[in-house]
Amino acid sequence: MKLGIVGLPNVGKSTLFNAITKAGAESANYPFCTIEPNVGVVSVPDERLDKLAEMYNPEKYTPAVIEFVDIAGLVKGASKGEGLGNKFLSNIREVDAICHVVRCFDDPDVVHVDGSADPARDIGVIELELILSDMEIMEKRIERTQKMMKGGDKSFAAELAVYEKVYAALEAEKPARLVELDEEERQFMKEVQLISMKPVLYCANIAEDDIKNPDIPYVNVVKDIAAKSGSEVVVISAKIEDELGQLDPEDREMFLEDLGIDSAGLDKMIKASYKLLGLISYLTAGPQEVRAWTIKEGTKAPQAAGKIHTDFERGFIRAEVVAYDDLVSCGSMTAAKEKGLVRSEGKEYVMKDGDVVLFRFNV
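Just so we're clear, the structure is a prediction, and the values are computed from it rather than from any experiment. (Residues numbered from 1 in each chain as written. Predicted model: local features only at pLDDT ≥ 70, side-chain atom pairs only at ≥ 80, totals over all residues. Heavy atoms only, no water.)

Q: How would you sum up the packing of aromatic side chains? Please name residues and give values.
A: For the structure on display, the rule yields four aromatic pairs. Note on Tyr 282 and Trp 293: the rings are 6.3 Å apart at their centroids and 15° apart in plane angle, and the pair reads as stacked. Of this pair, Tyr 282 sits in strand β8 (residues 279-285) while Trp 293 sits in strand β9 (residues 289-296), and the two are 11 residues apart along the sequence. Here the two residues Tyr 282 and Trp 293 agree in accessibility, since each one is buried. (Phe/Tyr/Trp six-rings, centres within 6.5 Å; stacked < 30°, edge-to-face > 60°. Helix = DSSP H or I, 4+ residues; strand = E, 2+ residues; numbered from the N terminus. Buried < 20%, exposed > 50% of the residue type's maximum accessible area, 1.4 Å probe, protein only.)

Following this line, the structure appears as C-alpha cells:
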C-alpha cells in the first residue's frame, strides 16, 4: 500500500513524514523545502504477529508494510504549474490513497502560505487543484474517444458517456470519487488515473497543547468535510509524533501514558488507511517465519495464496485455517486441531482478518 502525503506548504507534512518513517526528510519553516518526493517504508504494527512470534520463536519476522510518499506542498495554481505543481501532481497519481494533512493550529512563528490557518479554505485549495488537473486528463481522453467514434466505430459510445459524466462532475468542482458509477462504468475509469478518484484520509494536525482535548473548532470543520465525502479523519500532532519517533518503545509507552492518549498517530493512520482501502491481513506462522499478508476484504483463499506465490494460487488444493484468537487460546496449532478449531477450506472460502493459514497446493 502506498500513501501520498499532501497538503499546502508548512502544514506539517514533512514533520509528520519524518516522525512516522524516521527517514530524516528535510523539514524547515519555509515553503517548498520538499522538492523531490521523499519515500519511506514503515512496518504495520500488529500485536497478533508479536504474539505469534512469541509462540513460534521464528527465524524471520515479517510484518506488513506501508509506503509513505511525502509530496511537496501544493499551492493555488498547481494544476497550471505553479510551485512546480505539475511535477508534484504526477507523483500523486502513483499512490493508492491520499493522506491530506490539514493545519489545525495557529502559530505566528510557523509561516502559513495564505497568512493564517483555515482548514475549509486549505482543503478547498488542494481539492480544486486536484480536480483541475483531472479535468485536463479527462479533456484529452474525451477528445481521443470522440476521434475514434468519428472513424465509424460506435462501440466507444458507452465509454464516451462515462467520461462526459465524470467530466461534468469535475466541472462542477465535485471530486471524481463522489461520482456514482456502476461496475461497467468503473471498468472504463480504471485505465484513467484520476487523482480525485483516490480515497482520502484527512490528518488534522493540531498543536501539542490540544492533544488532550482535540475536539476543537478547526478539527470539527475537517470532520464535517470528510463526512460529506465518505473520507476518514485522524487527529494527530506532528510535533508530538516527531518526539515519539525518537524514543525507544518503553519510553514511548510512558510518554503516551503521560499525555493521556492510547495510541500513536501512526497507528491511527494505518488503521484508518486499511479501513479506507478495504484491506485486511491474514497471517502465516511457523518456526521459519511469522508474517502478515495484506489483501482486499472479500478476497477468496486461492487469490490470497497467490500473494505468497503464483504457484500457490495455480495449484491451490485447500487452506487450513484457524482464527487467531482460537490459536492463541489453545497455545499451539496441535492443540487447536485436537479441539477441531482448524478448518479445511476450499476455493470459495472468503478470507477473514486475522486468519492464520497454511495453504496446501500442488503444481
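Picking up where we left off.
Q: Would you mind going over unusual backbone geometry in detail, with residue names and values included?
A: Even without being a glycine, Asn 10 presents a positive backbone phi close to 65°. Topologically, Asn 10 is positioned in the loop between β1 (2-6) and α1 (13-21). Taking relative accessible area as the criterion, Asn 10 reaches 12% and is therefore assigned buried. Positive phi values are uncommon outside glycine, yet Asn 57 reaches one of about 45°. Residue position: Asn 57 is located in the loop between α2 (47-56) and β3 (60-62).

Q: Talk me through a negative patch on the surface; I want residue IDs and the actual numbers.
A: A surface patch of negative charge is lined by Glu 47, Asp 50, Glu 253, Glu 257 and Asp 258. Looking at which element gives the most residues to the negative patch, the answer is helix α9 (residues 249-259), with three residues. Of note, Asp 258 is situated in helix α9. Overall, Asp 258 belongs to the exposed group, its relative accessible area being 60%. (Patch = residues over 30% accessible without salt bridge, like charges linked within 9 Å, V, L, I, M, F, W, Y side chains within 5 Å. Areas by Shrake-Rupley, 256 points an atom, 1.4 Å probe, with all protein chains shown as cover. Salt bridge = Lys/Arg side-chain N within 4 Å of Asp/Glu carboxyl O. Lys, Arg positive; Asp, Glu negative; His and termini not counted. Charge placed at Lys NZ, Arg CZ, Asp CG, Glu CD.)

Q: Any details on the packing of helix α4 (residues 119-150) against helix α5 (residues 157-171)? Residues and values, ideally.
A: Helix-helix packing is described using two parameters, namely the angle between the two axes and the distance between the axes. At a minimum axis distance of 9 Å, the contact between α4 and α5 shows a crossing angle of 155°. The orientation of α4 relative to α5 falls into the category roughly antiparallel. α4 and α5 meet at a crossing whose hand is left-handed. The residues of α5 that touch α4, namely those facing Ile 131, Asp 134, Met 135, Met 138, Glu 139, Arg 141, Ile 142, Thr 145, Gln 146 and Met 149, are Ala 157, Glu 159, Leu 160, Tyr 163, Glu 164, Val 166, Tyr 167, Leu 170 and Glu 171. Residue composition of the contact of α4 with α5, by class: 11 nonpolar, two polar and six charged. (Axes fitted to C-alpha atoms, helices over the stretch in contact; angles between N-to-C directions. Parallel < 35°, antiparallel > 145°, perpendicular 65-115°, else oblique. Left-handed = near helix turned anticlockwise from the far one by under 90°. Contact = heavy atoms within 4.5 Å. Nonpolar A, V, L, I, M, F, W, Y, C, P; charged D, E, K, R; others polar.)

Q: Requested: an account of helix α11 (residues 301-308), with residues and values cited.
A: Of all the positions in α11, only Ala 301, Pro 302, Ala 304, Ala 305 and Gly 306 are classed as buried. Tucked inside the fold, the buried residues of α11 contact β8, β9, α12 (310-314), β10 (316-323) and β12 (355-361).

Q: Could you give an account of the side chain of Lys 198, naming the residues involved and the relevant values?
A: Considering the arrangement of structural elements, one finds Lys 198 in the loop between α6 (183-190) and β6 (200-205). Buried charge without a salt bridge: Lys 198, with Asp 96 as the nearest opposite-charge side chain at an N-O distance of 6.4 Å. One polar contact links the side chain of Lys 198 to the main-chain carbonyl oxygen of Arg 93, over a distance of 3.1 Å. Within the structure, Lys 198 has its side chain in polar contact with the backbone oxygen of Val 95 (distance 2.7 Å). (Polar contact = N/O pair within 3.5 Å; in protein donor to acceptor, adjacent residues only side chain to side chain.)

Q: Residues and numbers for the pattern of salt bridges, please.
A: Opposite charge on two side chains makes pairing possible when the charged atoms of those side chains draw close. A complete count under the given rule lists 18 salt bridges for this structure. Between Arg 141 and Glu 191 there is a salt bridge, with its nearest N and O atoms 3.7 Å apart. Separated by 50 residues along the polypeptide, Arg 141 in helix α4 and Glu 191 in the loop between α6 and β6 bring together distant segments of the chain. According to the relative accessible area criterion, Arg 141 is buried, its value standing at 13%. Its relative accessible area of 60% is what places Glu 191 among the exposed residues. Between Lys 239 and Glu 208 there is a salt bridge, and its shortest N-O distance comes to 3.7 Å. Placement of Lys 239 in helix α8 (residues 238-245) and of Glu 208 in the loop between β6 and α7 (217-229) is noted, with a sequence separation of 31 residues between them. Judged by relative accessible area, Glu 208 falls into the partly exposed class, the value being 30%. Connected through salt bridges with shared partners, the residues Asp 46, Arg 48 and Asp 353 form a single ionic network.

Q: Report on the environment of Ile 308, specifying residues and quantitative values.
A: Along the polypeptide, Ile 308 turns up in helix α11. The exposure class of Ile 308 is partly exposed, given its relative accessible area of 27%. As a C-alpha pair, Ile 308 and Thr 284 span 24 residues in sequence and 9.9 Å in three-dimensional space. Apart from the residues within four sequence positions on either side, Ile 308 is in contact with Tyr 282, Thr 284, Trp 293 and Phe 359.

Q: I'd like a description of the pairing of strand β4 (residues 65-70), backed by residues and values.
A: Relative to β4, β1 runs parallel, the two sharing four bridges. Following the sheet pairing, Lys 2 is matched in β4 by Glu 67. As judged from the six bridges shared by strand β2 (residues 38-43) and β4, these two strands associate in the antiparallel manner. Among the inter-strand pairings, Ser 43 is bridged to a residue of β4, identified as Val 65. (Pairing = 2+ DSSP bridges.)

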